[in-house]
Amino acid sequence: MPRRVAIDTGGTFTDLVAVEGDDVRTHKVPSTPHDPSRAFFQAVEAVGGADLALHGTTIVVNALLEGKTARTALVTTAGFEDVEEIGRQDREDLYALHPTRSRPVLSRAMRIGVRERVGPQGDVITPLSDAEVRRVVASVRKKRAESVAVCLLHSYANPAHERRLADALRRAGFAVSESHRVLREFREFERTAVTTLNARALPLLSRYACALQRGLDGRPLGFLRSNGGLASPREVRDLPVATIASGPAGGALGALALAEATRLGPIVTFDMGGTSTDAAVIDGALPVTTESSVIGVPVPLPAVDVRSVGTGGGSIARIRRDGVLRVGPESAGANPGPVCYGRGEELTVTDANVALGRCDPRGLLGGDFPLHADRIKPRIERLGRALGMSQARAAEAILQLAEETMSGVLRLLTVRQGLDPRRFALFTFGGAGGLHAVALARSLGMREVVVPRLPGAFSAFGMLFADAVHDVSETVLAAAGDPRLRTRIDALARRALAELRSRGLPASRWRVERTVDLRYEGQSFELRVPFGPRLAERFAEAHRARYGFVADRRVVAVTLRARAVGVRPKPAVPRWRATTGDARIGTQRVTWAGATRAVPAFDREHLHAGARVAGPALVLEYSATTWVPPGAVLRVDPWGSLRIAP
């Protein structure tokens, strides 16, 4: 039986899950931000190698957040050099008296206008001359760019000019992103912005993917993309921006698989890692959106609809100049990490949990990663004095602020979307999720908390349930009843299937999903419906359901979409078999509500199916800790998940 491994590279730890037959193993190593491939191979070597590797990575999003990307130039139609800087007229904060705008992706000096013009129907208005192509190449070379984004006006309708420029730039030795290959859709701002982001990340991820392929010595490697599907290394080298949310997508895939196998019903996922917390609503299907963003820039590519907030175990607690305590969004990350990791100097959420006794005193990862609790005490004392409270109250204040921030994203996904949180279970994972989940579930009145097996490496585990997916789209701007739409969407479907064919996936496992974005003439935004007959009527039904009315206007088909799915073999969700031994391993002194008490501690590996634990209690395991506060009751279900009635 081949050994399949899934590796999720996060900001603090790199997580691995290995599956060989019925044997499931997990391993964690500290991430190596200066060279993420080092942690990747350290994890693989620790489990004896891999026959097939699946990978989700934060390398692109971290590089964009930190500005550590390639020197990039933008080549665009003359007169449209400032499209991305102008952006849209909407404001993030309507009530800010002195609003600030995000910096443009590229400085004005790195934008090059081209004398050419294509109309919205694809007609050539101003031809692109050979002399102009040579001038552009010389200008890019003069700017010492490493990578180039080519985004010409209306290239979604006719990409001929983009292709000529891209071919010339590649011959000159530049990495190139063409907008019609990144996003063949209208809306110049969004297309320009995402193509520029892609170009900035292109050399970085290309080098990374090549390094992994060399290290794996020809063994298969698949990258998880933000849409929840697996892509080949060649695909991600061409479209690195599509991996921005690959880690959160893995967690959502695993949650959906487990929820279906164990009939959990509707869930809200809660993935709390070292630098951020990700959440999603899953009610029978994976939620997909084309409205995600990064560093304030839209990324209108298909992605699992996961909302993130900059609060995690490594979030730094600081007192602002006005004397108010703030937690996050700055993170200590993997280096230097929290104070208790031995190098950090600023208190974090993890340090507060350690100070309150809610972590295994032997350290993380079964004791392989020791904690330096003694380093926390003098810093928490200083914080308490500054706030006028005890050490315990100061640590609890850090956790309360972090939990309030995290509960905000859960309310955004449920209450603000018209969903009753009482219908949902809070499905929590990530190394720190189990420490806070019950408090969050109580704050929203959720029915239960579910902590799956392998919570600290669950996003990696979820990657094992990914199918091969390839999305293509094309703006058409035609009447919904236009008979040519069928021909055009069939052509898109063939393009999507050609990618699966190139990967060698058997046709018996292919399927194609066809959808279309529709709107009334004059509207600015669309609704997506499955492609088929009676498009106008079905759009009216969807519009009434969403907005409560229909209009007597022409219905326009804006963008056609095809998704090809190649179904891959997936592991079964096994029934839980506890290892022999006493589950209760002693007591631990834990502080809550300002008082410290001894509470029982349990080894999760020894908790058999049907076991029941009343809070207060701690459940310890290799990759995470679960805090069961007073009043909560935990039971172990047949699949080994901890089901907690808050």
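Above this note sits the structure.
Reading the values: rules and limits
Residues numbered from 1 in each chain as written. Predicted model: local features only at pLDDT ≥ 70, side-chain atom pairs only at ≥ 80, totals over all residues. Heavy atoms only, no water. Axes fitted to C-alpha atoms, helices over the stretch in contact; angles between N-to-C directions. Helix = DSSP H or I, 4+ residues; strand = E, 2+ residues; numbered from the N terminus. Parallel < 35°, antiparallel > 145°, perpendicular 65-115°, else oblique. Left-handed = near helix turned anticlockwise from the far one by under 90°. Contact = heavy atoms within 4.5 Å. Nonpolar A, V, L, I, M, F, W, Y, C, P; charged D, E, K, R; others polar. Buried < 20%, exposed > 50% of the residue type's maximum accessible area, 1.4 Å probe, protein only. Pairing = 2+ DSSP bridges. Lys, Arg positive; Asp, Glu negative; His and termini not counted. Salt bridge = Lys/Arg side-chain N within 4 Å of Asp/Glu carboxyl O.

1. Looking at the packing of helix α2 (residues 59-66) against helix α7 (residues 188-216)
Here is step 1 of the chain: Here α2 crosses α7 at 130°, and the two axes come no closer than 10 Å. Between α2 and α7, the angle is such that the two are oblique. Read as a crossing pair, α2 and α7 show a hand that is right-handed. Taken together, the residues of α7 that come into contact with α2 (itself represented by Ile59, Val60, Ala63 and Leu64) are Leu197, Arg200, Ala201, Leu204, Leu205 and Tyr208.
Here is step 2 of the chain: Per-class residue counts for the contact of α2 with α7 are nine nonpolar, no polar and one charged.

2. Quick notes on the packing of helix α12 (residues 391-413) against helix α13 (residues 433-444)
Here is step 1 of the chain: Running from N to C, α12 and α13 point in directions that differ by 55°, and their axes come no closer than 10 Å. The pairing of α12 with α13 is recorded here as oblique in orientation. For α12 against α13, the interelement crossing comes out right-handed. Residues Leu399, Glu403, Met406, Ser407, Leu410 and Arg411 of α12 lie in contact with α13, whose contacting residues are His436, Ala439, Leu440, Ser443 and Leu444.
Here is step 2 of the chain: In the contact of α12 with α13, the residues fall into six nonpolar, three polar and two charged.

3. Considering the pairing of strand β4 (residues 52-57)
Remark: a regular strand shows side chains that alternate across the two faces of the sheet.
Here is step 1 of the chain: Buried residues dominate β4, accounting for five of its six residues.
Here is step 2 of the chain: Taken together, the six bridges between strand β1 (residues 4-9) and β4 define a ladder with parallel strand orientation. Note that in β4 the partner of valine 5 across the bridge is alanine 53.
Here is step 3 of the chain: For β4 and strand β11 (residues 221-224), the ladder comprises three bridges, and the chain directions are parallel. Residue pairing for β11: histidine 55 is matched across the bridge by phenylalanine 223.

4. Some details on the pairing of strand β33 (residues 633-636)
Here is step 1 of the chain: Of the two faces of β33, only one is covered, namely that formed by Leu634 and Val636; the face formed by Val633 and Arg635 stays uncovered.
Here is step 2 of the chain: Across three bridges, strand β30 (residues 612-614) lies against β33 in antiparallel orientation. Residue pairing across strands places valine 613 opposite leucine 634, the latter belonging to β33.
Here is step 3 of the chain: Once β33 ends, the chain turns through five residues before running back antiparallel as strand β34 (residues 642-645), passing glycine 640 with a positive phi of about 90°.

5. A short note on the environment of alanine 624
Here is step 1 of the chain: Relative to the assigned elements, alanine 624 resides in the loop between β31 (617-620) and β32 (625-628).
Here is step 2 of the chain: Along the primary structure alanine 624 and aspartate 130 are separated by 494 residues, whereas in three dimensions their C-alpha atoms are 61 Å apart.
Here is step 3 of the chain: In this structure alanine 624 touches Gly430, Gly431, Pro455, Gly456 and Val619, once residues within four positions along its chain are discounted.

6. Focus on the sheet that holds β31
Here is step 1 of the chain: Pairing is mixed in the open sheet, where four strands are placed in the order β28-β29-β31-β32. The open sheet has two free edges, formed respectively by β28 (584-592) and β32, since each of these has just one partner strand. When the angles between neighbouring strand axes are averaged without regard to direction, this sheet yields 30°.

7. Overview of the side chain of aspartate 8
Here is step 1 of the chain: For aspartate 8, the position within the fold is in strand β1.
Here is step 2 of the chain: It turns out aspartate 8 is buried and unbridged, and the closest side chain with the opposite charge, lysine 28, is 7.7 Å from it.
Here is step 3 of the chain: Ignoring sequence-local partners within four residues, the contact set of aspartate 8 consists of Phe13, Thr14, Asp15, Gly56, Gly247, Ser459, Ala460 and Met463.

8. Examining the sheet that holds strand β9 (residues 147-151)
Whenever strands of a sheet pair, they do so through backbone hydrogen bonds, lying parallel or antiparallel.
Here is step 1 of the chain: Spatially, the four strands line up as an open sheet ordered β6-β5-β9-β10, and their pairing is parallel. The open sheet has two edge strands with one neighbour each: β6 (111-114) and β10 (175-178). Geometrically, the sheet is characterised by an average inter-axis angle of 20° between neighbouring strands, direction not taken into account.
Here is step 2 of the chain: For strand β5 (residues 72-77) and β6, the ladder comprises four bridges, and the chain directions are parallel. Paired with valine 75 across the two strands is isoleucine 112, which belongs to β6.
Here is step 3 of the chain: Packing of helix α4 (residues 130-142) onto the sheet brings it into contact with β5, β6 and β9, and relative to β6 it is tilted by some 175°.
Here is step 4 of the chain: Running over the sheet, helix α5 (residues 160-171) touches β5, β6, β9 and β10 and is turned about 170° from β10.

9. Quick notes on unusual backbone geometry
Apart from glycine, the bulk of residues carry a negative phi angle, and the bulk of peptide bonds sit in the trans form.
Here is step 1 of the chain: Of note, the amide linkage connecting glycine 328 to proline 329 takes the cis form, showing an omega dihedral of 0°.
Here is step 2 of the chain: On the secondary structure map, proline 329 appears in strand β21 (residues 325-331).
Here is step 3 of the chain: For arginine 144, which is not a glycine, the phi torsion comes out positive at approximately 55°.
Here is step 4 of the chain: Considering the arrangement of structural elements, one finds arginine 144 in the loop between α4 and β9.
Here is step 5 of the chain: Of the residues examined, arginine 144 reaches a relative accessible area of 61% and is grouped as exposed.
Here is step 6 of the chain: A positive phi angle is found at aspartate 217, which is not glycine, with a value near 55°.
Here is step 7 of the chain: Inspection of the secondary structure puts aspartate 217 in the loop between α7 and β11.

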